[in-house]
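Descriptive structure summary
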Amino acid sequence: MAVIEIVDGEKLLSNYLRTHPDVSGLTARLVGKTPDDTSTAWVKVQQLNAQDMAPPLDHLTRFVLQLDCYAGGTGGQPEANRLARVARAAIRDLPGIHAEGTVTGVGFTGHARIPDVDFDPPRERVVVTAVVYAHP
Amino acid sequence: MIFRPNPTFAAEMARTPRMQRVLLEAAQAIADEGRNAVPVGDDPRRGHIRDRIRATQQHGDTRTEIDDPFGHLAEWGSVNNPAYAPLRRGVEAAGLRFREK
């Protein structure tokens, strides 16, 4: 009997944002880890949790995903701010059928401006915490 | 007869002794679960964040916090560190929902 895996939450969200016209129009990269070149803006998607929501087990999953919306070297606060708001607006349209799975709902539990002090000078960043409900 | 909701009802309830106990238990559960989310290594310079995650209650204010100047790096990550998110994960693992203010 074939094993049915839960949705790959990071892949679903990253692929969606990467091809969304509003996000791609900002020329920001969608990544799973810090890019080698940090001169231009990027959004790093990291899954924090994947909770089973209801029977049957592992059919519907509640994903908690952190989006680090970084400005490029010269974009500063306006760029990070805009990138986060555009990504958040794009996620609102996420519910529906995707190649990676079906999204039944989305929400947001956090949206904070937290400059990354591991850069010198600190790099502007807005951290969005999104919740995505999805099933295969 | 007119019903007027008390706008301070939630705050007043939170200050009662019983609710204070409930809130502290929840904060401690978050701290306990959050400690599981941060790594511990052999390097004595690292792994101290676990010891700095605390549940506190003072003057009616209940908190789970990372009492460390680098706590924000553990929670939110950086270009050099993943987001271990002990507080957010601790909230969810304790069966609660996180809503940022």
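Overview of the structure.

1. Considerations on the overall build of chain A
Counting its secondary structure elements, chain A contains three helices and six strands. For chain A, the sequential pattern of α-helices and β-strands runs α-α-β-β-β-α-β-β-β. The C-alpha radius of gyration of chain A comes to 15 Å, within 12% of the 14 Å expected for a compact globule of 136 residues. In terms of its C-alpha atoms, chain A occupies a principal-axis envelope of roughly 55 × 25 × 25 Å. Looking at chain A as a whole, 49% of its 136 residues qualify as buried. For chain A, the proportion of contacts with a sequence separation of at least 24, taken over those separated by at least 6, is 58%. Surface summary for chain A: the accessible area is close to 6600 Å², and the carbon and sulfur share equals 53%. Computed over 13 positive and 16 negative side-chain charges, the separation of the two mean positions in chain A equals 6 Å.

2. Observations regarding the interface of chain B and chain A
Listed by partner, the interface residues are 19 residues for chain B and 27 residues for chain A. Approximately 1700 Å² of surface area, both sides summed, lies buried where chain B meets chain A, with 41% of it carried by carbon and sulfur atoms. Sorting the residues of chain B by area buried against chain A places Trp76(B), Val79(B) and Glu92(B) first, and these three jointly supply 35% of that buried surface. Here chain B is connected to chain A by one salt bridge. With its nearest N and O atoms 2.8 Å apart, the salt bridge here joins Arg62(A) to Glu92(B). Put simply, chain B and chain A have 14 residue pairs in polar contact (both at pLDDT 80 or more) between them. Counting only elements with at least two residues in the side of chain B that touches chain A, the list comes to α4 (71-76) and α5 (86-93) of chain B.

3. Concerning helix α2 (residues 17-35) of chain B
Residues and elements named next belong to chain B. With 19 residues, α2 extends 27 Å from end C-alpha to end C-alpha; this agrees with the ideal 27 Å at 1.5 Å per step. Where α2 is concerned, the buried positions are Gln20, Ala27, Ile30, Ala31 and Gly34. One side of α2 carries all its buried residues, which in axial view fall inside an arc of 100°. Opposite the buried face of α2, by more than 90 degrees, sit the exposed residues Arg18, Arg21 and Glu25. Where α2 is buried, its residues touch α1 (9-14), β1 (53-58), β2 (61-66) and α5.

4. Here's the deal with the sheet that holds strand β4 (residues 96-98) of chain A
Taken in spatial order, the six strands make up an open sheet running β1-β2-β3-β6-β5-β4 (chain A), and their pairing is mixed. Edge strands, defined here as strands with exactly one partner in the open sheet, are β1 (29-31) and β4 of chain A. Adjacent strand axes in the sheet meet at a mean angle of 35°, parallel and antiparallel pairs treated alike. Across the sheet, α5(B) is in contact with β2 (42-54), β3 (60-70) and β6 (125-135) of chain A; its angle to β2(A) comes to roughly 15°.

5. A few points about the pattern of salt bridges
Side-chain pairing between opposite charges can occur once the charged atoms of the two side chains come close. Per the counting criterion, the structure on display carries eight salt bridges over all chains. A salt bridge links Asp68(A) to Arg125(A); the nearest nitrogen and oxygen atoms lie 3.5 Å apart. Here Arg125(A) lies in strand β6 and Asp68(A) lies in strand β3, a separation of 57 residues in the sequence. Arg125(A) sits in the buried class, given a relative accessible area of 1%. A salt bridge links Arg88(B) to Glu75(B), with the nearest nitrogen and oxygen atoms 2.8 Å apart. Remark: Glu75(B) occurs in helix α4 and Arg88(B) occurs in helix α5; sequence separation between them is 13 residues.

Parameters and conventions
- Residues numbered from 1 in each chain as written.
- Chains lettered and ligands numbered in written order.
- Predicted model: local features only at pLDDT ≥ 70, side-chain atom pairs only at ≥ 80, totals over all residues.
- Heavy atoms only, no water.
- Helix = DSSP H or I, 4+ residues; strand = E, 2+ residues; numbered from the N terminus.
- Rg over C-alpha atoms; globule rule 2.2 N^0.38 Å.
- Buried < 20%, exposed > 50% of the residue type's maximum accessible area, 1.4 Å probe, protein only.
- Contact = heavy atoms within 4.5 Å.
- Areas by Shrake-Rupley, 256 points an atom, 1.4 Å probe, with all protein chains shown as cover.
- Lys, Arg positive; Asp, Glu negative; His and termini not counted.
- Charge placed at Lys NZ, Arg CZ, Asp CG, Glu CD.
- Buried area = accessible area lost by both parts, 1.4 Å probe.
- Salt bridge = Lys/Arg side-chain N within 4 Å of Asp/Glu carboxyl O.
- Polar contact = N/O pair within 3.5 Å; in protein donor to acceptor, adjacent residues only side chain to side chain.
- Expected span 1.5 Å × (residues − 1).
- Arc of directions from axis to C-beta.
- Pairing = 2+ DSSP bridges.
- Axes fitted to C-alpha atoms, helices over the stretch in contact; angles between N-to-C directions.

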